[in-house]
Amino acid sequence: MSLLIVLFGVILLFVLILKKLSPMIALLIVAIITGLLLGMPVAKVMTSVAGGIGSTLGSMVMVLALGAMMGKLIEDSGAAKKIVAILMRAFGQKNIQWAVLLTGLLVGIPLFYNAGFVVLIPLVFAISSATGLPKLYIGIPMAAALSITHGFLPPHPGPVALSALFQADIGKTLLYGLLLSFPIAVLAGIYFPRLIIKKTTLSSINTLAFSADDHMPTGFQSFFVALLPVFIIAAGTLGVAFLPESALKTFFIFIADPTVALLVSVLLTVLLQDIPIAKAMDSCTEGVKSIAMIILIIAAGGAFKQILVDSGVGATVAALAAPLQLSPLLLAWLITALLRVTLGSATVAALTASGMVIPLIGPGVSPELMVLSVGAGSLFFSHVNDTGFWMFKEYFSLTLKQTFLTWTVMETIVSVLGLVGVLLLSVLR
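Parameters at a glance
Residues numbered from 1 in each chain as written. Predicted model: local features only at pLDDT ≥ 70, side-chain atom pairs only at ≥ 80, totals over all residues. Heavy atoms only, no water. Helix = DSSP H or I, 4+ residues; strand = E, 2+ residues; numbered from the N terminus. Rg over C-alpha atoms; globule rule 2.2 N^0.38 Å. Buried < 20%, exposed > 50% of the residue type's maximum accessible area, 1.4 Å probe, protein only. Contact = heavy atoms within 4.5 Å. Areas by Shrake-Rupley, 256 points an atom, 1.4 Å probe, with all protein chains shown as cover. Lys, Arg positive; Asp, Glu negative; His and termini not counted. Charge placed at Lys NZ, Arg CZ, Asp CG, Glu CD. Phe/Tyr/Trp six-rings, centres within 6.5 Å; stacked < 30°, edge-to-face > 60°. Salt bridge = Lys/Arg side-chain N within 4 Å of Asp/Glu carboxyl O. Core = buried A, V, L, I, M, F, W, Y, C linked by side-chain atoms within 4.5 Å. Axes fitted to C-alpha atoms, helices over the stretch in contact; angles between N-to-C directions. Parallel < 35°, antiparallel > 145°, perpendicular 65-115°, else oblique. Left-handed = near helix turned anticlockwise from the far one by under 90°. Nonpolar A, V, L, I, M, F, W, Y, C, P; charged D, E, K, R; others polar.

*Asks:* Before we move on, could you go through the overall build of the protein chain and cite the residues and values that matter?
*Replies:* A tally of helices and strands in the protein chain yields 21 helices and zero strands. The C-alpha atoms of the protein chain give a radius of gyration of 22 Å, which matches the 22 Å a tight globule of 429 residues would have. In terms of its C-alpha atoms, the protein chain occupies a principal-axis envelope of roughly 70 × 55 × 45 Å. Looking at the protein chain as a whole, 55% of its 429 residues qualify as buried. Once local pairs closer than 6 in sequence are excluded, the contacts in the protein chain between residues at least 24 apart make up 79%. Summing over all exposed atoms, the protein chain offers an accessible surface of approximately 18000 Å²; the carbon and sulfur share of this is 71%. With 21 positive and 15 negative side-chain charges, the protein chain shows a spacing of 12 Å between the two charge centroids.

*Asks:* Please provide a residue-by-residue account of the packing of aromatic side chains, values included.
*Replies:* Tallied over the full model, the rule gives nine aromatic pairs. Following the ring pairs from residue to residue traces out a cluster consisting of Trp333, Phe380, Phe381, Phe389 and Phe404.

*Asks:* Break down the pattern of salt bridges for me, citing the residues and quoting the values.
*Replies:* Pairing is possible between side chains of opposite charge, provided their charged atoms come close. Overall, the coordinates contain five salt bridges when judged by the stated rule. For the salt bridge of Lys72 with Asp76, the shortest nitrogen-to-oxygen distance reads 3.6 Å. Separated by four residues within a single helix, Lys72 and Asp76 lie in helix H4 (residues 61–77), roughly one turn from each other. The class of Asp76 is partly exposed, set by a relative accessible area of 42%. Arg340 is the partner of Glu411 in a salt bridge, and the nearest nitrogen-oxygen pair spans 3.2 Å. Of this pair, Glu411 sits in helix H21 (residues 400–428) while Arg340 sits in helix H17 (residues 328–343); the two residues are 71 residues apart in sequence, bridging distant segments of the chain. In this pair, the class of Glu411 matches that of Arg340, namely buried.

*Asks:* Describe the side chain of Thr408, listing the residues and the values that go with them.
*Replies:* Mapped onto the fold, Thr408 is located in helix H21. By relative accessible area, which is 2% here, Thr408 ends up buried. In this structure Thr408 touches Phe381, Ser382, His383, Phe389 and Thr403, once residues within four positions along its chain are discounted.

*Asks:* If you had to explain the nonpolar core to someone new, which residues and values would you point to?
*Replies:* With 133 residues, the main nonpolar core has Phe117, Val357 and Phe392 as its most contacted residues. Per-element accounting of this core gives the leading share, 11 residues, to helix H8 (residues 135–152). Setting aside residues up to four positions removed in sequence, Phe117 forms contacts with Met142, Leu146, Met391, Phe392, Tyr395 and Phe396.

*Asks:* Summarise the environment of Val371; cite the residues concerned and give the values.
*Replies:* Tracing the sequence through the fold places Val371 in helix H19 (residues 367–377). Judged by relative accessible area, which is 1%, Val371 ranks as buried. Through-space distance from the C-alpha of Val371 to that of Ile109 is 17 Å; in sequence the pair is 262 residues apart. Here Val371 is in contact with Pro159, Leu162, Ser163, Phe166, Ala168 and Thr173, once residues within four sequence places are set aside.

*Asks:* Explain the packing of H4 against helix H13 (residues 258–272) to me, and be specific about the residues and the numbers.
*Replies:* Running from amino to carboxyl end, H4 crosses H13 at an angle of 25 degrees, the nearest separation of the two axes being 9 Å. If you check the angle between H4 and H13, you find them roughly parallel. Of the two possible hands of crossing, H4 and H13 adopt the one that is left-handed. Residues Met62, Val63, Leu66, Gly67, Met69, Met70 and Leu73 of H4 lie in contact with H13, whose contacting residues are Pro258, Thr259, Leu262, Leu263, Ser265, Val266, Thr269 and Val270. Its residues placed into classes, the contact of H4 with H13 shows 11 nonpolar, four polar and no charged.

*Asks:* Please provide a residue-by-residue account of H19, values included.
*Replies:* For H19, the tally of buried residues reaches 11 of 11 residues, placing the bulk of the element in the interior. Those residues of H19 lying buried are Pro367, Glu368, Leu369, Met370, Val371, Leu372, Ser373, Val374, Gly375, Ala376 and Gly377. Of the surrounding elements, those touching the buried residues of H19 are H8, helix H9 (157–165), helix H10 (170–196), H17, helix H18 (346–357) and H21.

Right, dumping it as structure tokens:
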């Protein structure tokens, strides 16, 4: 009966989101209703809601805010465009997809998906115009790279929130995510569009339309600031893993904390930019404003998660799953994928699934791989209830059928390959 109540809650959440209600409000309504239907006292429901919001945001709100500041600083400084210009020249016209893919991965690490898409889409169109290649041939590598960073790599909202909920090490999650990201990006972003899109004859234009701008940062500065958070977190995690107990290891423990890594990155980015500090702070403010609703959605998702945990639904799922003898990683992916198809939002699906699959984490189950399994499931089969679906459709002027055959298939490839990669890592670790 408890699972039927949860199913009712998920369907209600789907209906409310379909009716254009804010996901944050919808999640709060569903969390309260589900808790009451599960027989929790009113006071306990509200305590769980407050506790879920506090525990979720308490460990990650600064990471999200600093990550948004970092992304906005990179966008406003012109570092993203500079990275594109350098990669275009380095790879040349014939290998243009590889340049766009790497650009998406580099720019996508500090930028949220929607922001990265909006920043890079004009560059995709410019490359298409300069080379005579179809827009989708250039655009799918960009979209695949951004989706991969959004699903697998901190400091994006989903991976950060899941790492906090599963008590996973963000540094290890990032390292595992990077191991998965590159091969998946190549298969989904390079080979998939080559299978479905026929190239037109290259135009006679050999020099791509990207000129140096005196106001842009240097190439070194651009790459440095874009990758700085990743380098700091990765260095700290490796230092903690391989160094004996010492003062140096304490330092690496300190910098491995994502809040510290992002704070240092923001400060260095501000210092390296040739603009007044007041203007840089304005960029930081705008960056946080752009993710305010995302933070609130995550908070409401944390409330729903806590209701599922405190009501014992997660334990019920674990008990029912035990006789199936399925890998917890596979089961987590399946539950999240079903919620993704139902609810549309990758972040909402991941947070909703977390409350059900947390009890599956036991001896021998890596919480970091659980984060990536849920992240992979959250990208499965994007369709008409996902804003990313419509953004891709409208920007590339596609029909619904074309969008399903390109965007939806690409997202599904990323999701399934993510599951395969997670299962392989679980065997090899």
